[in-house]
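# Topology and contacts: notes
These are the residues of each chain, in order.
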Amino acid sequence: MPSRQIVERQPRMLDFRVEYRDRNVDVVLEDSCTVGEIKQILENELQIPVSKMLLKGWKTGDVEDSTVLKSLHLPKNNSLYVLTPDLPPPSSSSHAGALQESLNQNFMLIITHRELQREYNLNFSGSSTIQEVKRNVYDLTSIPVRHQLWEGWPASATDDSMCLAESGLSYPCHRLTVGRRSSPAQTREQSEEQSTDVHMVSDSDGDDFEDASEFGVDDGEVFGMASSALRKSPMMPENAENEGDALLQFTAEFSSRYGDCHPVFFIGSLEAAFQEAFYVKARDRKLLAIYLHHDESVLTNVFCSQMLCAESIVSYLSQNFITWAWDLTKDSNRARFLTMCNRHFGSVVAQTIRTQKTDQFPLFLIIMGKRSSNEVLNVIQGNTTVDELMMRLMAAVEIFTAQQQEDIKDEDEREARENVKREQDEAYRLSLEADRAKREAHEREMAEQFRLEQIRKEQEEEREAIRLSLEQALPPEPKEENAEPVSKLRIRTPSGEFLERRFLASSKLQIVFDFVASKGFPWDEFKLLSTFPRRDVTQLDPNKSLLEVKLFPQETLFLEAKE
């Protein structure tokens, strides 16, 4: 018995690129390791306790630390990211090291607009300056930097060129309040009353623009003109007819404004994006993210530059979404999108977008394809943070993944049923072909048998006719007592019977042959043999007499079939 060779499975190596804030850590592990082992490696690299670490980016949703990587069926290369909510900044004995660490951290500034009683959550890196914060606040509130009245800045923040990491802000969140200075006199009074806040009235490098009010020009008009002048071209042409060409311009302009690190926008019509995301095999389906841009919204620049272009968001969208974009700045393009929206999602969703105010844009629509319709899972407004945006995207993916698993199961069951039906149909077809071939073979066999039977009958009829003619042509059998000499022949047939007849000794040998043939033994099929001496009588001259061939006065012969 041959020996069976056992082949051991070689461990599969998996590569992980893990992003945490501004750092990337590469981890290589065997697929027999667990998620917890990845976290232990990250704990050593990032100096973050495992208990404070949320490891995200798994396509199957959140996983336990004990989960074996092999069970997740991962590709060779994977991208993950780490979230550390409510984690205090790591302590360092070195002031220089602490400052460097702070420069790499992100600060959440919760800024309240005093007049509107509205709150903005803005993320800034530690290397951003106070001046950059104030300019961003101008984009949000339309309050020029010079006219901003601030509360909540630390006493150490004495210079607008100071970076946030060294300004003394609370980490990870810090609350500030901003308002508009209505008049110079009012500003001086407030400055005297609250002398402890050194940033109540802000100075700015943009004095040239703000001093335009002295010439009777409104600040908003000046900055509106400046903002328009900075825009080289619109995101999308007005009255865009070809959606593919419009999105090519959108992508190019987006890259020009915000850099090349941005989501990969699908180039094509909304229907084509549906086809790419939904109308494929269940395993290949993705969510559809529709980004709605509006250049007139104060949130647009912050949302695009700090959230939509964040590496973690770009990576997550690339893995789990088909991203399609449209610019609603122009009324004609807005009307066209609302028509598309009404057709694909219904009047309720179209009305929801129609009633959105300009400063609520940009919008992010998360769409999931259903069997009979397309469902809007989430509408994300521009006033959000990177973490909140990521959480909402992940929540949508979790819902989608659950539905996708059901669709995969249904699709597999349907394919299995179709395969069984195809196999049954093929077996039935082969059975029909086999039956037809058997029937045709039987018909051919029957036809051949009929043909052979006809030939046999014809041959028998022909032989019988020949036999009868020979029998009728034979001379009468002479009597025993005859004047002429008589030869008595006794012929043994192959079956053991004997044929006896008397012939005149002067009769030709041919008459004996005809007699034998008339009894069903034609001389071309049988030979007539004598015993002593043994000889083949059919080889003799048939025209000789019996007397000449010595078959007189009597002889016993036997018939034998010719070979």
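The coordinates are above.
Just so we're clear, the structure is a prediction, and the values are computed from it rather than from any experiment. (Residues numbered from 1 in each chain as written. Predicted model: local features only at pLDDT ≥ 70, side-chain atom pairs only at ≥ 80, totals over all residues. Heavy atoms only, no water.)

## Comments concerning the overall build of the chain
What the chain contains, in helices and strands, is 14 helices and 17 strands. Residues classed as buried in the chain amount to 41% of the 563 residues present. Sequence-distant contacts, at least 24 apart, represent 66% of the contacts inside the chain between residues at least 6 apart. For the chain, the accessible surface area stands at approximately 31,900 Å², while carbon and sulfur atoms represent 49% of it. (Helix = DSSP H or I, 4+ residues; strand = E, 2+ residues; numbered from the N terminus. Buried < 20%, exposed > 50% of the residue type's maximum accessible area, 1.4 Å probe, protein only. Contact = heavy atoms within 4.5 Å. Areas by Shrake-Rupley, 256 points an atom, 1.4 Å probe, with all protein chains shown as cover.)

## Quick notes on the pairing of strand S2 (residues 23-30)
Bridge analysis of strand S1 (residues 13-20) against S2 gives eight bridges, and the strand direction is antiparallel. Along S2, the bridge assignment pairs tyrosine 20 with arginine 23. Here S1 folds back onto S2, and the loop between the two strands holds two residues, one of which, arginine 21, carries a positive phi near 55°. (Pairing = 2+ DSSP bridges.)

## Looking at the pattern of salt bridges
Taken as a whole and judged by the stated rule, the model has 30 salt bridges. Among the ionic pairs, glutamate 243 bridges to arginine 336, the shortest N-O distance being 3.2 Å. In this pair, glutamate 243 is assigned in helix H7 (residues 243-258) and arginine 336 in helix H11 (residues 331-345), connecting sequence segments 93 residues apart. Its relative accessible area of 9% is what places glutamate 243 among the buried residues. Of the residues examined, arginine 336 reaches a relative accessible area of 23% and is grouped as partly exposed. (Salt bridge = Lys/Arg side-chain N within 4 Å of Asp/Glu carboxyl O.)

## With respect to the pairing of strand S8 (residues 173-180)
As paired elements, strand S5 (residues 106-113) and S8 share six bridges and run parallel to each other. The residue of S8 that forms the bridge with threonine 112 is threonine 177. Where strand S7 (residues 148-151) and S8 come together, four bridges link them in antiparallel fashion. Among the inter-strand pairings, glutamate 151 is bridged to a residue of S8, identified as threonine 177.

## Description of the side chain of serine 545
Its place among the elements puts serine 545 in the loop between strand S16 (535-536) and strand S17 (554-561). Beyond its immediate stretch of four places on either side in the chain, serine 545 contacts Ala505, Ser506, Ser507 and Lys508.

## Concerning the packing of aromatic side chains
With the rule as written, the count across this model stands at 23 aromatic pairs. Ring centres of tyrosine 291 and phenylalanine 303 lie 6.2 Å apart, and the angle between their planes is 5°; this geometry places the pair in the stacked category. Placement of the pair is tyrosine 291 in strand S9 (residues 287-293) and phenylalanine 303 in helix H9 (residues 300-308), with a sequence separation of twelve residues. Given the relative accessible area of 0%, phenylalanine 303 is considered buried. Taken together, a centroid distance of 6.1 Å and an interplanar angle of 10° make the contact between phenylalanine 513 and tryptophan 523 stacked. You can see phenylalanine 513 sitting in helix H14 (residues 509-518) and its partner tryptophan 523 sitting in the loop between H14 and strand S15 (526-530), a full ten residues away along the chain. Exposure remark for phenylalanine 513: the relative accessible area of 3% places this residue in the buried category. Pairwise contacts between aromatic rings join Phe250, Phe254, Tyr258, Phe265, Tyr291, Phe303 and Phe364 into one cluster. (Phe/Tyr/Trp six-rings, centres within 6.5 Å; stacked < 30°, edge-to-face > 60°.)

## A look at the nonpolar core
Generally speaking, soluble globular proteins have nonpolar side chains that are buried together. Within the largest apolar cluster, 84 residues are counted, with the highest numbers of intra-cluster contacts made by Leu288, Trp324 and Phe337. Looking at this core, the element that brings in the most residues is helix H13 (residues 386-473), giving eight residues. Grouped together as the second largest cluster of nonpolar side chains are 21 residues, Phe16, Leu29, Ile48 and Leu55 included. (Core = buried A, V, L, I, M, F, W, Y, C linked by side-chain atoms within 4.5 Å.)

## Thoughts on the sheet that holds strand S4 (residues 77-83)
One open sheet holds the four strands; their spatial order is S2-S1-S4-S3, and the pairing between them is mixed. Two strands bound the open sheet, and with one partner strand each, they are S2 and strand S3 (54-56). Going across the sheet, the axis of each strand differs from the next one's by a mean of 30°, ignoring polarity. (Axes fitted to C-alpha atoms, helices over the stretch in contact; angles between N-to-C directions.)

## Side note on the environment of aspartate 524
One can find aspartate 524 in the loop between H14 and S15. Take aspartate 524: its relative accessible area is 56%, and that puts it in the exposed class. Residues aspartate 524 and lysine 562 lie 38 residues apart in sequence; the distance between their C-alpha atoms is 8.0 Å.

## What to know about helix H8 (residues 270-277)
Every α-helix winds through 3.6 residues per turn, so residues three or four apart in the chain are directed the same way. Turning to H8, its buried residues number three or more, namely Leu270, Ala273, Phe274 and Ala277. Mapping the buried residues of H8 onto a view down its axis gives an arc of 105°, with all of them on the same face. If you follow the buried residues of H8, they end up packed against H7, S9, strand S10 (321-327), H11 and strand S12 (374-381). (Arc of directions from axis to C-beta.)

## Let's talk about the sheet that holds S7
Pairing within the open sheet is mixed, and its four strands lie in the order S6-S5-S8-S7. The two strands at the open ends of the sheet, each matched to only one other strand, are strand S6 (118-125) and S7. Averaged over all pairs of adjacent strands, the angle between their axes in this sheet comes to 30°, without regard to strand direction. Relative to S6, S5 is paired through eight bridges, and the arrangement is antiparallel. Among the inter-strand pairings, isoleucine 110 is bridged to a residue of S6, identified as asparagine 121.

## Digging into empty space enclosed by the protein
Unoccupied space between atoms shows up once a probe the size of one water molecule is rolled over them. Counted under the stated rule, the structure contains three cavities of 30 Å³ or more. In this structure, the largest cavity occupies an estimated 60 Å³ of space. Lining the largest cavity we find Lys56, Gly57, Trp58, Gly61, Asp62, Tyr316, Met394, Val397 and Glu398. At three residues, H13 tops the list of elements feeding residues into the lining of the largest cavity. Partitioned by chemical class, the residues of the lining of the largest cavity number four nonpolar, two polar and three charged. Every residue along the wall of the second largest cavity is listed here: Phe513, Val516, Phe521, Trp523, Phe526, Lys527, Leu528, Thr538 and Leu559. (1 Å grid on protein atoms, 1.4 Å probe; cavity = no way out; pocket = protein on both sides within 12 Å on 5 of 7 lines; lining within 4 Å. Points joined across faces, edges and corners; volume = space filled by probe spheres on them. Nonpolar A, V, L, I, M, F, W, Y, C, P; charged D, E, K, R; others polar.)

## Some points on the packing of helix H10 (residues 311-320) against H13
The N-to-C vectors of H10 and H13 enclose an angle of 15°; their axes lie 10 Å apart at closest approach. Classified by the angle between their axes, H10 and H13 sit roughly parallel to one another. Seen along the crossing, H10 lies across H13 with a hand that is left-handed. Contact residues: H10 offers Ser312, Ile313, Tyr316, Leu317 and Asn320, while H13 offers Val386, Leu389, Met390, Leu393, Met394 and Val397. Tallied by class, the residues present in the contact of H10 with H13 amount to nine nonpolar, two polar and no charged. (Parallel < 35°, antiparallel > 145°, perpendicular 65-115°, else oblique. Left-handed = near helix turned anticlockwise from the far one by under 90°.)

This is a description of form; function is not addressed.
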